[in-house]
Amino acid sequence: MYEGPVQDLIDELGRLPGVGPKSAQRIAFHLLAADPADVGRLQDALGRVKEGVVFCEICGNVSEQTQCRICRDLRRDATVVCVVEEPKDVLAVERTREFKGRYHVLGGALDPLAGIGPDQLRIRELMARIGAQDITEIILATDPNTEGEATATYLVRMLRDFPGLTVTRLASGLPMGGDLEFADELTLGRALSGRRTV
Amino acid sequence: MLVGQNGQGKTNLVEAIGYVATLGSHRVATDAPLVRHGCPRAVVRTALVNEDRELTVELEIAPGKANRARVNRGPVPRPRDVLGILRTVLFAPEDLALVRGDPGERRAFMDALLVQRAPRYAGVRADYEKVLRQRNALLKSAGAARRGGRGGENDLSTLDVWDGHLAKHGAELLAARLDLVDDLAPLVAAAYAGVAPESRPAAIGYRSSLGEALPTGGERADVSAITEALLAALGEKRSQELERGVSLVGPHRDELDLVLGEAPAKGYASHGESWSYALALRLGAYELLRAEGTEPVLVLDDVFAELDRRRRQRLAEVAIAAEQVLVTAAVEEDVPGELAGTRFRVADGEVRRVE
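What counts and how
Residues numbered from 1 in each chain as written. Chains lettered and ligands numbered in written order. Predicted model: local features only at pLDDT ≥ 70, side-chain atom pairs only at ≥ 80, totals over all residues. Heavy atoms only, no water. Helix = DSSP H or I, 4+ residues; strand = E, 2+ residues; numbered from the N terminus. Buried < 20%, exposed > 50% of the residue type's maximum accessible area, 1.4 Å probe, protein only. Contact = heavy atoms within 4.5 Å. Buried area = accessible area lost by both parts, 1.4 Å probe. Salt bridge = Lys/Arg side-chain N within 4 Å of Asp/Glu carboxyl O. Polar contact = N/O pair within 3.5 Å; in protein donor to acceptor, adjacent residues only side chain to side chain. Domains from an automatic or database assignment. Core = buried A, V, L, I, M, F, W, Y, C linked by side-chain atoms within 4.5 Å. UniProt positions renumbered as here; feature names shortened; annotations may be inferred. Pairing = 2+ DSSP bridges. Right-handed = clockwise from strand over helix to strand, strands pointing away. Disulfide = S-S within 2.5 Å. Axes fitted to C-alpha atoms, helices over the stretch in contact; angles between N-to-C directions. Left-handed = near helix turned anticlockwise from the far one by under 90°. Nonpolar A, V, L, I, M, F, W, Y, C, P; charged D, E, K, R; others polar.

**Student:** For the overall build of chain B, give the residues involved together with the corresponding values.
**Tutor:** Helix and strand counts for chain B come out as 9 helices and 13 strands. Across its three principal directions, the C-alpha atoms of chain B cover 75 × 50 × 35 Å. Per-residue burial over chain B gives 48% buried out of 355 residues. Counting only contacts in chain B whose residues sit at least 6 apart along the sequence, the fraction spanning at least 24 positions is 69%.

Here it is, written out as structure tokens:
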């Protein structure tokens, strides 16, 4: 145990995801030795993150203004909405540069063990959006795990009564650059059942 | 043959081999006791031959953290990916619990064998258990809301979704177990007759929580018919489930029935018969894996001391035909002479070949 502020810093850093005690200690001593200006910038960033960041009133993504950059961008197709769990998923889909529509961030997935049901997710907002705007397709891009699949199934049930709305689910299959022989059976099985005519 | 006094590390060694095959211990339910007291992790490094290919499999067991696995020095994404490289059938004194213990012991026996048969079922089972935990949590909160007069519509609206997923994964697991028991039953009956010819005939059967609603007929179990049956049963039990806050239908409530003559083995079998039954289950599993083209490594951990002379003899006959057998014993004389192979002495955690 170190004395006073250093140990406090190590303890706080150690509570962050992906940071173990060794890393926390390393970061703490790095900060101790770092240029005060660098530490100042980190301090500012930390200070702003809780006050300065708001969530977009339309899609729920993290934003600087009341509406995020994507929702304000008139060049983007407002008729297609991609539904994701977290803001970081928006970034992942954006990196593909394939998607020109808008997003809807749920803020998680159905997870009864953590006490998260439909009311804790931004599902009501999604329904309101579909009712009010001219949306023709919803792409369900929740994670392909137990909770994400359950959320997708739930949304399919909720959305099937909207007339003229197409609901699609991201395909799951083989990673690019991979080897067929190393694919696990579940992934390969899904890729087989979801195969396309070419 | 590994010979040594108790507490020297014989079981430790064969347990490690079993762990590479099943990612679990035959002795304890959790990983923590597998690691030397006070140490953060344990490493199991094995060199083995799979279909004439030499491989190394390395597992790092770190309780409370994610275990890591390497095959031929290359890391694999999940430890689960090493399943199927090594197949073992392990018989140990703990196996008496297969006959005398709770249904959970027999479900674990079926599932472990299922995974050895087709490693894919490790994933099916993990998915099923995850959905089950989620659904139970939902039943608890929805039930509490209903009793509190708050309606709980929020929870109930998603229950259908979890029902669907539980039925889907559950049907896959249930169908695989039904097929397994179908294939295993004659082998276990024959093995029991061989081990204890003077005893009553042994028969195993699968008892589903679906009861009469379980679809029957057909050569193999029909996954989609079972899915429908599970969904229907979940619908029927819903209010009861909400009251109790647990899922009442599904493979987690099923049982492998062990029958001896007319009576269930549990409670009615004598001590000797129980031993014979446990042995017959393991030998049946061994024959099943062999019939499907793999030569499992047979591990006999400290069992000869527990068996009478004829059962020892019978076990030795089977073991001799196996490609590789690992035997541990505290007293060398307990092991029938025909099993004499390479001998190792285990003392204080060190293994030395006996010339």
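Moving on, there is more to tell.
**Student:** Explain the interface of chain A and chain B to me, and be specific about the residues and the numbers.
**Tutor:** Each side of the interface is counted separately: chain A has 18 residues, and chain B has 16 residues. Carbon and sulfur atoms make up 60% of the surface buried where chain A meets chain B, a total of about 1,500 Å² over both sides. Residues A:Glu147 and B:Lys130 are paired through a salt bridge, measuring 3.6 Å at the closest nitrogen-oxygen approach. Viewed at the interface, chain B and chain A are joined by 4 residue pairs in polar contact (both at pLDDT 80 or more). At the level of secondary structure, the elements contributing two or more residues to the side of chain A that touches chain B comprise α7 (146-159) and α8 (185-193) of chain A. Take the side of chain A that touches chain B: its biggest share by element is 7 residues, from α7(A).

**Student:** Just give me the short version of the pattern of salt bridges, but keep the residues and values in it.
**Tutor:** Enumeration according to the criterion identifies 36 salt bridges over all chains in this entry. With a shortest N-O distance of 3.2 Å, A:Arg15 and A:Glu12 are connected by a salt bridge. Given the relative accessible area of 66%, A:Arg15 is considered exposed. As a salt-bridge pair, B:Arg312 and B:Asp334 come within 3.6 Å of each other at their nearest N and O atoms. Residue B:Arg312 is located in helix α9 (residues 309-321), and its partner B:Asp334 is located in the loop between β11 (325-329) and β12 (343-347); the two are separated by 22 residues in the primary sequence. Residue class for B:Arg312 comes out buried when judged on its relative accessible area of 18%. Members of the salt-bridge network, linked through shared partners, are A:Arg157, B:Arg135, B:Asp160, B:Asp163, B:Arg238 and B:Glu241.

**Student:** Describe the domain arrangement of chain A, listing the residues and the values that go with them.
**Tutor:** Its domain assignment divides chain A into domain 1 (4-52) and domain 2 (75-169). Spacing between the C-alpha centres of domain 1 of chain A and domain 2 of chain A amounts to 35 Å.

**Student:** Help me get a handle on the nonpolar core, residues and values and all.
**Tutor:** Judged by nonpolar contacts, the single largest core of 102 residues is most densely connected at A:Ile138, B:Ile204, B:Tyr277, B:Leu300 and B:Leu315. Counting residues per element, this core draws most heavily on helix α5 (residues 153-195) of chain B, at 19 residues. Beyond its immediate stretch of four places on either side in the chain, B:Tyr277 contacts B:Val99, B:Val188, B:Tyr192, B:Ala202, B:Ala203, B:Ile204, B:Leu258, B:Val259, B:Leu260 and B:Ala265. Listed in part, the 25 residues of the second largest apolar core include B:Val82, B:Leu86, B:Val297 and B:Val346.

**Student:** Explain the UniProt feature "domain: Toprim" (unreviewed entry) in chain A residue by residue, including any values.
**Tutor:** With numbering aligned to this structure, UniProt lists the feature "domain: Toprim" (unreviewed entry) at residues 79-175 of chain A. Between the end C-alpha atoms of residues 79-175 of chain A the distance is 29 Å, and the span holds 35% helix and 18% strand.

**Student:** Can you break down the environment of B:Arg353 residue by residue, with the values?
**Tutor:** All names here are of chain B. Inspection of the secondary structure puts Arg-353 in strand β13 (residues 350-354). Looking at Arg-353, the relative accessible area reads 54%, which means it is exposed. Sequence separation between Arg-353 and Val-195 is 158 residues, and the spatial gap between their C-alpha atoms is 32 Å. Dropping the residues within four chain positions of it, Arg-353 is found in contact with Thr-342, Arg-343 and Phe-344.

**Student:** Just give me the short version of the pairing of strand β10 (residues 297-301) of chain B, but keep the residues and values in it.
**Tutor:** Residues and elements named next belong to chain B. Burial analysis of β10 places 5 of its 5 residues in the buried class, which makes it a mostly covered element. The two faces of β10 match: Val-297, Val-299 and Asp-301 on one face and Leu-298 and Leu-300 on the other face are all buried. Two strands pair when backbone bridges link them, and strand β6 (residues 88-91) and β10 are joined in this way by 4 bridges, in the parallel orientation. If you follow Phe-91 over to β10, its bridge partner there is Leu-300. Sheet analysis places β10 next to β11, joined by 4 bridges and oriented parallel. For Val-299, the partnering residue across the bridge sits in β11 and is Leu-326. Following the backbone out of β10, through α9 and into the adjacent parallel β11, one traces a crossover that is right-handed.

**Student:** Report on the environment of B:Tyr128, specifying residues and quantitative values.
**Tutor:** Residue and element names in this part refer to chain B. Looking at the secondary structure, you find Tyr-128 in helix α4 (residues 120-147). What makes Tyr-128 buried here is its relative accessible area of 2%. Distance in space between the C-alpha atoms of Tyr-128 and Gly-250 is 9.6 Å, their sequence separation being 122 residues. When near neighbours in sequence (up to four residues on either side) are disregarded, Tyr-128 contacts Leu-166, His-169, Gly-170, Leu-173, Val-249, Gly-250, Pro-251 and His-252.

**Student:** Can you lay out the side chain of A:Thr146 for me, pointing to particular residues and giving the numbers?
**Tutor:** The topology assignment puts A:Thr146 in helix α7. Look at A:Thr146 and you get buried, because its relative accessible area is 9%. Beyond its immediate chain neighbours, meaning those up to four positions away, A:Thr146 contacts B:Asp127, B:Lys130, B:Val131 and B:Trp162.

**Student:** Requested: an account of the state of the cysteines, with residues and values cited.
**Tutor:** Considering all chains together, one arrives at 0 disulfides over all chains under this definition. Cysteine A:Cys56 is unpaired, with the sulfur of A:Cys59 as its nearest cysteine sulfur at 3.7 Å.

**Student:** Could you give me a rundown of the packing of α4(B) against helix α6 (residues 223-244) of chain B, with the residues and numbers involved?
**Tutor:** All names here are of chain B. α6 packs onto α4 with a crossing angle of 65 degrees between their chain directions and a minimal axis gap of 8 Å. Between α4 and α6 lies a crossing of right-handed hand. For the pair α4 and α6, contact is made by Arg-135, Leu-139, Ala-142, Gly-143, Arg-146 and Arg-147 and by Leu-234, Ser-239, Glu-241, Leu-242 and Glu-243, respectively. Each residue belonging to the contact of α4 with α6 can be placed in one class, and the counts come to 4 nonpolar, 2 polar and 5 charged.

**Student:** I'd like to hear about the sheet that holds strand β7 (residues 202-207) of chain B, residue by residue, with values.
**Tutor:** Paired through backbone hydrogen bonds, the strands of a sheet run either parallel or antiparallel to each other. Residues and elements named next belong to chain B. Read across the open sheet, the 3 strands follow the order β7-β8-β9; overall the sheet is antiparallel. Among the strands making up the open sheet, the edge pair consists of β7 and β9 (263-264). Two strands pair when backbone bridges link them, and strand β8 (residues 255-260) and β9 are joined in this way by 2 bridges, in the antiparallel orientation. Paired with Val-259 across the bridge in β9 is Pro-264. Set on the sheet, helix α3 (residues 103-117) makes contact with β7 and β8; between it and β8 the angle comes to about 105 degrees.

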